[in-house]
Amino acid sequence: MNLSDKQLSLIEKYLDKDLSTAEQIEFEENLKDPEFKDQLLFQSKLLDKLETSTADSALLSKDITMTKPQANLQSLILRLVIAVLLIIAIVYAMIRYSGN
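Here we summarise the structure given alongside this text. (Residues numbered from 1 in each chain as written. Predicted model: local features only at pLDDT ≥ 70, side-chain atom pairs only at ≥ 80, totals over all residues. Heavy atoms only, no water.)

## Points about the overall build of the protein chain
- Across its full length, the protein chain carries three helices and zero strands.
- Walking the protein chain from its N terminus toward its C terminus, one meets helices and strands in the order α-α-α.
- Counting over 100 residues, the protein chain shows a buried share of 13%.
- Looking at the protein chain alone, contacts between residues at least 24 apart form 52% of all its contacts between residues at least 6 apart.
- Of the accessible surface of the protein chain, which amounts to about 8,500 Å², a share of 62% is contributed by carbon and sulfur atoms. (Helix = DSSP H or I, 4+ residues; strand = E, 2+ residues; numbered from the N terminus. Buried < 20%, exposed > 50% of the residue type's maximum accessible area, 1.4 Å probe, protein only. Contact = heavy atoms within 4.5 Å. Areas by Shrake-Rupley, 256 points an atom, 1.4 Å probe, with all protein chains shown as cover.)

Have a look at this one:
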């Protein structure tokens, strides 16, 4: 790839929708260069993938957040059951062995 820093900057500004009028003209002239076009397409596809990935990540995060309270509730119920069983075992042991 033999693109100049100026050309890469033009692509970046184009993708950010931040081109001035003069830069827009220069950008359109650079579109005649196949390497410039290829780099523009590559960066555009990369940006699309990142946006899609970010959106998927946000959905996944939302799903995880929504299921968290249920997991916490199940954990709390399990802890309560174990505590009750321990109390019953202790009371049983006290009655069984202190009665003699």
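On we go.
## Comments concerning unusual backbone geometry
- In this structure, Lys17 takes a positive phi of about 55° despite not being glycine.
- Structurally, Lys17 is set in the loop between α1 (5-15) and α2 (21-30).

## Focus on the nonpolar core
- Core analysis: the biggest nonpolar cluster contains eight residues, these being Leu3, Leu10, Ile11, Leu15, Leu19, Phe27, Phe36 and Leu40.
- Broken down by element, this core gets its largest block of residues, three residues, from α1.
- The residues contacting Leu40, other than those within four sequence positions of it, are Ile11, Tyr14, Leu15, Phe27 and Leu31. (Core = buried A, V, L, I, M, F, W, Y, C linked by side-chain atoms within 4.5 Å.)

## A closer look at the packing of aromatic side chains
- This model, assessed by the stated rule, comprises two aromatic pairs.
- Measuring from centroid to centroid gives 4.3 Å for Tyr14 and Phe27, while their planes differ by 15°, and the two rings are stacked. Of this pair, Tyr14 sits in helix α1 while Phe27 sits in helix α2; the two residues are 13 residues apart in sequence, bridging distant segments of the chain.
- In this structure Tyr14 comes out as partly exposed when scored by relative accessible area, which is 36%.
- Members of the aromatic cluster, connected to one another through ring pairs, are Tyr14, Phe27 and Phe36. (Phe/Tyr/Trp six-rings, centres within 6.5 Å; stacked < 30°, edge-to-face > 60°.)

## Structural notes on the environment of Ser9
- Take Ser9: it is sitting in helix α1.
- Each C-alpha atom, one on Ser9 and one on Phe27, is 9.9 Å from the other, the two residues being 18 residues apart in sequence.

Worth remembering: the numbers are spatial, not functional.
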